[in-house]
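Listed here are the chains, written in short residue letters.
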Amino acid sequence: MAFVTIVGTGPGTQQYLIPEARQAIENADVLIGGERNLIPWIEQGQKKFYVIKTPVIEVVDRIKEHYQQEKVVILVSGDPGFYSILSFLTKYFDKKELKVIPGISSIQIAFARLSLAWHDAVLLNLHGRYLNILDNHLHEPKLALLTDFNNDPLTICQYLITKGRKHGLVYICSKLGYPEEKIITINLREEKLLIPEKVASPVVMVIIDE
Ligand SMILES: C[S@@+](CC[C@H](N)C(=O)[O-])C[C@H]1O[C@@H](n2cnc3c(N)ncnc32)[C@H](O)[C@@H]1O
């Protein structure tokens with residue numbers, strides 16, 4: 001049976017790519033993914049590629065055009081099982097047609113950098129979502145958040161404070177795994193939050209009780 005491979009590429013640099021993922025990408029005939037994930041492979045001379053844009057449904061057509069005859073590999077950041085296109089694809093393909101190769105999630109790297117366990121953390125996705133997802137989790141002792149351009153660290157901190165969370169250390173983990181990786185720590189108790197207007201994305205936030 002023909003299948004499509006969904007590869008978790010980790011945080012974005014090849015240092016964190018597992019060997020099985022590298023092999024699948026190098027042997028692919030067609031690579032599909034977001035620009036950030038595709039660029040390193042396009043630069044290495046990968047021939048056929050397709051950049052995922054909205055409407056995402058078009059990606060299904062692209063896959064269907066190729067996957068019976070060619071090796072199609074979809075690149076997603078982090079791990080495919082944690083907020084990626086995987087659950088969308090399961091609506092259009094039988095699970096037997098999807099081969100998933102895991103990757104290191106941005107959340108795992110963030111907690112590793114902080115030398116903290118994440119088995120007891122609440123993990124939420126604010127990427128393309130509404131901030132009110134936070135409303136049931138305002139006082140979690142350990143919270144990790146995926147962010148995006150609109151739901152950026154400053155907006156999220158201001159929202160938490162407005163909703164009554166006035167304590168906690170916030171770790172703003174920007175470009176994890178890249179040479180420009182940066183972790184900014186702030187305290188929600190501070191009167192003036194010293195967060196730059198725009199922190200370089202992608203960004204994961206970890207919030208813990210002091
Ligand atoms: C669509 S979600 C995908 C999550 C991914 N499947 C994972 O396991 O990390 C994209 C979000 O992941 C986070 N992210 C991905 N790569 C990152 C990195 N290198 N550094 C910091 N955050 C990252 C950001 O919050 C970004 O907006």
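Predicted model only: the values in this text are computed from it and were never measured. (Residues numbered from 1 in each chain as written. Predicted model: local features only at pLDDT ≥ 70, side-chain atom pairs only at ≥ 80, totals over all residues. Heavy atoms only, no water.)

### Remarks on the site of the ligand
Right, on to step 1. Neighbouring the ligand are 19 residues, the closest being F82, S105, S106, T147 and V203.
Right, on to step 2. In the environment of the ligand, an oxygen atom lies 2.8 Å from a nitrogen or oxygen atom belonging to the side chain of S105.
Right, on to step 3. Side-chain polar atom of S106 to an oxygen atom of the ligand: 2.6 Å apart, as the coordinates give it.
Right, on to step 4. Partitioning the shell around the ligand into residue classes produces 10 nonpolar, 6 polar and 3 charged.
Right, on to step 5. Formed jointly, the shell around the ligand draws a minimum of three residues from each of two domains, domain 1 (4-104) and domain 2 (107-208). (Near = heavy atom within 4 Å. Polar contact = N/O pair within 3.5 Å; in protein donor to acceptor, adjacent residues only side chain to side chain. Nonpolar A, V, L, I, M, F, W, Y, C, P; charged D, E, K, R; others polar. Domains from an automatic or database assignment.)

### Notes on the nonpolar core
Right, on to step 1. L134, L145, I156, V170, I172 and M205 are the most contacted members of the largest nonpolar core, which totals 22 residues.
Right, on to step 2. Taken together, the elements giving at least two residues each to this core come down to β7 (142-146), α6 (153-162), β8 (169-174), β9 (182-187) and β10 (203-208).
Right, on to step 3. The biggest single contributor to this core is α6, with 5 residues.
Right, on to step 4. Apart from the residues lying within four places of it in its own chain, the contact partners of M205 are L143, A144, L145, T147, P153, I156, C157, V170, Y171 and I172.
Right, on to step 5. Within the second largest apolar cluster, 18 residues are counted, among which are V30, Y50, I74 and L89. (Core = buried A, V, L, I, M, F, W, Y, C linked by side-chain atoms within 4.5 Å. Buried < 20%, exposed > 50% of the residue type's maximum accessible area, 1.4 Å probe, protein only. Helix = DSSP H or I, 4+ residues; strand = E, 2+ residues; numbered from the N terminus. Contact = heavy atoms within 4.5 Å.)

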